[in-house]
Every structure is written in C-alpha cells, then in structure tokens.
Amino acid sequence: MTEEKLVFGLQVDPLPKPQTERDSTVPHAPKRQVVLTEEEKKLALTNALRFFPKAVHNDLIEEFLLEFNTYGHIYMYRFRPQYKMCARPIKTIPAKSRIAAAIMLMIMNNLDPEVAQFPHELITYGGNGSVFSNWAQYQLTMEYLSTMSDEQTLVMCSGTPMGLFPSHSFSPRVVITNGMMIPLFSTSEMYQKLYAMGNTIYGQMTAGSYCYIGPMGIVHGTTLTVMNAGRKYLKTNDMSGRIFVTAGLGGMSGAQGKAAVIAGATGIIAEVSKEALEKRYRQGWIQEKSEDIDEIITIIKDINMQKKKGTKLPGRSIGFYGNVVDLWERLAKESEEAGETLIELGSDQTSLHNPFNGGYYPVDLTFEESNEIMTQDPEKFKKLVHESLKRQVNAINKLSELGMHFFDYGNAFLLQSSKAGADIMNEKQTGFKYPSYVEDIMGPMIFDYGFGPFRWVCTSCDPNDLKITDEIASEICLKLSKEAPKETKQQYLDNYKWIVAAEENKLVVGSQARILYSDEIGRNMIASAFNEAVKSGRLSAPVLISRDHHDVSGTDSPFRETSSIKDGSMYCADMSVQNVIGDGFRGGHLVAVHNGGGVGWGYVMNGGFQIICDGSEEVEKRINSMLFWDVNNGVNRRAWSGSKGAQFTIKRAMERNNKLKVTLRNDVSEELIDNLFKKN
C-alpha cells in the first residue's frame, strides 16, 4: 500500500458513493435499539449533518435517517475509507509530526478487521468499545493528525475532534476524554440515548484511547491470573491437567485459550458467535474447536483420568461453539453424579457490561434469534438474559459446592447476576459469594507491588524490531529477577519466563506489539533502553509505549481494579483522574480519560497514555518524569488504603527518589475500635 493512497479528510465534492448494504465479509454490530423520541431523532440528524457543508445536506439526510432506522445509529458508512485498514510502517504515513504519525498507526490498528470486533461500526472490542461514533470523526481526526505540528494539541471529546489548539513541544499532542458525564446522569440509559444522538462514545479502555493491541493486550494478565489462581486456590505451580472453564472469544476475552496453554492448563472456552470462534481458531488463539457438548465432556473426563494416573499433560485450548449456560449445567449434572467436580477453575468473560445489546446471549436461543429479539422486544430480551444468568449461577454454585473455584473476571458478571436476582450474594447479603480476580489475585499479588500491563508497539511494523525489543526486555527482566527482594522475585521470574517465550507463543495480531507485566523500575529501564536503541539505530523506527488502563493507577472500579481496596474509597475516582492529569504535564504524548470500561458505564473511571520513544533526549525526559508517577500514584493510593505490599513498594520508591515524599498510613488496632463500640 503506497503513501499516496492514504488520503484523509471529508470528501464532499464529489461525495463518495453511498454504501447501502453492510459488507458481508466482516462481522457487524447487532442492530441497536431505537431509544430516541422524534425530537431527539431530529437532533441526531442535525448532529450528524453538522460535519458537512450545507450544499450536501439534501444528499445525505435521507441516507442518514435510513441508517438510523435500520441500525439504531448513524455510522456514515459512505465515508468509510476504501484503503486497507491496518497498522503500517510509520515512514509510509503522511504526517508532518512523527509523533502524530505513530498515533495514526494506532488508530488504524484499532480498526483493522483482524483486530477489531466490529470494524465497520468503529467498535474495537467489548461489544460497544468505540474508537469513534462515525466515519466523519475518523476522517477529520486523521486529517488533523496528518497536518498538525509538534506545537499543537488535538482535543478529542467523545470521538469528536474539536480541533487543534496551540500548545508547546512538551505538552501532549492528543488529549482525549470519552463519556465524561455529570455524575447524576451517568446511567446506561443516558449512554444509549447520547450515543444514538452522536454526543458520546463508550471508549471501553484501550479502544477510545487508540491503545488496543488485540487479544495479546490481556493475554499476559490472563496467564498470570490462571497461574496465580493455581497457586492460591489449588496450591500448585503445576497446572498440567487442571481444567479452566469460561466464556467469550470475541475481543479481550479471545486471550483466554492462549493464556491457558501458556500457563500449562486446559482451557475450555464457550462462544456463541461462530465468526468469533473461527477467527480465534484461524489466528491460533485456540487449538481445537467443537460444537458437540458430549465431546467436550468426554475430553474433560479423559484429562481427569490421565491426571489421576500421573500423566504430564501439555497446555491445551478448546473452543466450544455453544452457550456457556448449557456447558455449566451439563458440568454440574455430571459432577453431581460423579460426587466430585470435573473442573478446578471457572470464570466468565462475556461482555456483561453491555448485557442487553450483544454482550451476553441467553441460553435456549440461537445467536440470530437473540439479535432479533434484543431489538424487536428489548423487555423480553432483558427477562431472558436474567433467567439465563440465574441458571448459570445455579450451576456454578453446584460446582463450587463440590470444590470448583470460581472468580469474576472483571466483566460485571457478579454485578449483573445480582441485578438478575441470581443466588450470588453471600450468607449475610453484604457482598458476593465469589471474589473478583483483582480482589483475590491481581490486586494483592500484582498491582500492590506496582506490576501492571506495560506494552509497546514497533512503529516500523517489522517483526525483527519486535524480536529486538523482546531481547532488550528479557535482558532487563533477568537482571531484575536476580536483584529483586523476596516480595517481588516471583513476579520478575514470571515476567522473564513470559518474555523469552513470547515470540514462540505467536501472540501478534495486527501491529507488531508486545505486553509485559512490569513494575515502575522495569518500565522505566525498558523504555529508556528502547529509546537508546532507536537513537543508536539498533531499532529501525520509534517504539510507542503504553499500557492497558487496567493497571495499578489507571482505573477506579469498585467491582474490578479497586475491589481489593478496603478503606471505603473503592467508589472514589480521584486516583484515575489525578493520573491522567499528572501524565499530561509530566510527558505523555497522548493522554486519555474514560467513563466506563470492563464493568460498565457509570461504574468505572479509567485512563491511559502513549509515549513515542524516538531516540531523543526530550523523550528520555518524558520517560523519567512520567512513568515514575504513572505507577507510584496508584501504589501510594493502595498503600494508604492499608495494603502491606503497596506500603513496602512505596517505601522502596521513596528510597530510590528523594523527591518523593508521601503520607504514610499508621496502622489502627481493630480491637481498639471494636472495644469502643462494645462500650457504647
């Protein structure tokens, strides 16, 4: 694809040809419910037409109304570019600023059909995780980025490029806000309305901040979760023959099969969309597939038999084409008959933050039937979802009583099950029966020590550059593992094992990218080493560093990232907002803050960043200034809430940097408090 074919901006003279039918070669978002009144629908059309000169309004208005009535949203398919949508070498992207060109690469990667869930609806993952609301926004954003200088900042408000504003070279090139709401109005119903009107988007986490790198973006975290679930619940480092059952292969959930294999376990992942399952099978993210539930049960029983004989079994991943509720109920029945659970670990990664618009498919309906009912009879669909969740929870409860360990994977499974009236609450009705994976695993074992999903993208799009970055990162991880205190030695060893096997595990989908759970020390050393390698010519082009918003400091979410915080502040969003402000003035090339994420609109505040390591001294200053803050902000919040691991980590950070001085928590005797209340 040559540089000349990349043309950005809104073409209006002449207009592109209309696209009256959806392209059947890619998956599409389900038709959305029409939630607007007639007056609001008029406003939606006005909001869409305001991108265009008056001379073409008559040519577009009926087409936009037809799109809205047909799909529940105005995507402006006519303006979808005809060039191949994918990450491409930075040198081929026409832009005045190399920093802006790297961001453009990330946007195109987010919308690559190999990467995105519903690329033509500009949805990257999670059923509604949008990059933009419509193609006019895409075209204008890319035009701004291609023409901007390094003394301008592009302001993005919920998908709309508001324009280029004068700034300075050390300021961010792009500042993004997605879904920011007056708190009283931050409801799911308001999201549906404002998205339909073109006023906001659900940026998920890395969709709306242009940082998504396909299922690889979560695979290291999922691998660590499975490994540490084995250590915590099963008291073993050996996951051979251990069976993990879950659901979802669409977006981030697509990592589950690969993670199970890397951890050495057997992963069985249910998926109702044949397109999604086939995509992950073709990409190598699941090894086997079956739509026969009897075959799945036979495989499980055979694994258990071999395990009892002491046979060492390799990691294995199997995609089950079917509804996970059917699988859970069959497993419960078979396990009750056997008098013991057939599986050790269970979870769920369906998109339950979006339960009534394609995020969860109820049992006893085909995929197509569900898509039809959710738009034609939304109330009926909601009841079916609730009944399905009740059945799913009942089966999970039976298996748990027999010894299976279940955890919520941060997709709002517990929250939505409770809303459905499922038997999901503990005996005192003060909380859920099951923990969040952050509450039990990632929080105390990973986040509290400052480890989180650091990631990078080679803007050359050259696999050899990615190999070199792996070598650089592995050398640093090995060095740190030898020097680490006992509190973090296992994390460093896990990281070294991960990165040396990364190429062999064939993780790349889309851009030449990598993820590595690292702490602030490791992130800083790796980023500086990348910058030096670009400067010396060892790497052929800049390396963009970023992270998932699902990180130490990036996200406030009481049902996921901050579920392990027990001082009552789990419902506060100061940390994530402070984080994006601090990243902005400390050196982020792009900073973003979003409402919503893995567990739903109004339940999460999250943010992220991008820094482009171009070999310059200025970027070295950005790295040293920003990364230290980006991690330790969250470590400090966790330390203040009472985490011993975080207290250990923040004290070490103060020893390394004498400019850091935080308010340390003093322990309070629970007995002292209890005795006071007994007296009164």
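Residues numbered from 1 in each chain as written. Predicted model: local features only at pLDDT ≥ 70, side-chain atom pairs only at ≥ 80, totals over all residues. Heavy atoms only, no water.

- Taking an unreviewed UniProt entry as the reference, the protein chain is identified by name as urocanate hydratase belonging to Anaeramoeba flamelloides.
- Per UniProt, the protein chain has the following entry under Cofactor (unreviewed entry): "NAD(+)".
- Taken from UniProt, the Catalytic activity (unreviewed entry) comment for the protein chain reads in full: "4-imidazolone-5-propanoate = trans-urocanate + H2O". (UniProt positions renumbered as here; feature names shortened; annotations may be inferred.)

## Describing the packing of aromatic side chains
Aromatic rings in a pair are described by how distant their centres are and how their planes are angled relative to each other.
In step 1: One pass over the full model with this rule turns up 27 aromatic pairs.
In step 2: Taking the centre distance of 6.0 Å and the plane angle of 50° together, the rings of F52 and F64 count as tilted. With a gap of 12 residues between them, F52 in the loop between α1 (38–49) and α2 (57–71) and F64 in helix α2 connect regions that are remote in the sequence.
In step 3: Judged by its relative accessible area of 5%, F52 is buried.
In step 4: For F64, a relative accessible area of 0% puts it in the buried group.
In step 5: Centre to centre, the rings of Y125 and Y212 are 4.7 Å apart; their planes meet at 10°, and the pair counts as stacked. Taken together, the residues span a long stretch of sequence, with Y125 in strand β1 (residues 123–125) and Y212 in the loop between α5 (188–196) and α6 (216–233) at a distance of 87 residues. Y212 shares its class with Y125; the two are buried.
In step 6: When the ring centre of W629 is taken as reference, the NZ or CZ atom of R586 above it lies at 4.2 Å.
In step 7: A cation over an aromatic ring shows up here: R622 above the ring of F170, its NZ or CZ 4.6 Å from the ring centre. (Phe/Tyr/Trp six-rings, centres within 6.5 Å; stacked < 30°, edge-to-face > 60°. Helix = DSSP H or I, 4+ residues; strand = E, 2+ residues; numbered from the N terminus. Buried < 20%, exposed > 50% of the residue type's maximum accessible area, 1.4 Å probe, protein only. Lys NZ or Arg CZ within 6 Å of the ring centre and 35° of its normal.)

## With respect to a nonpolar patch on the surface
In step 1: Nonpolar side chains collect at one region of the surface, where V668, L672, I673, L676 and F677 lie side by side and expose about 540 Å² of accessible area between them.
In step 2: Within the secondary structure, I673 sits in helix α21 (residues 670–679).
In step 3: Taking relative accessible area as the criterion, I673 reaches 40% and is therefore assigned partly exposed. (Patch = residues over 30% accessible without salt bridge, like charges linked within 9 Å, V, L, I, M, F, W, Y side chains within 5 Å. Areas by Shrake-Rupley, 256 points an atom, 1.4 Å probe, with all protein chains shown as cover. Salt bridge = Lys/Arg side-chain N within 4 Å of Asp/Glu carboxyl O.)

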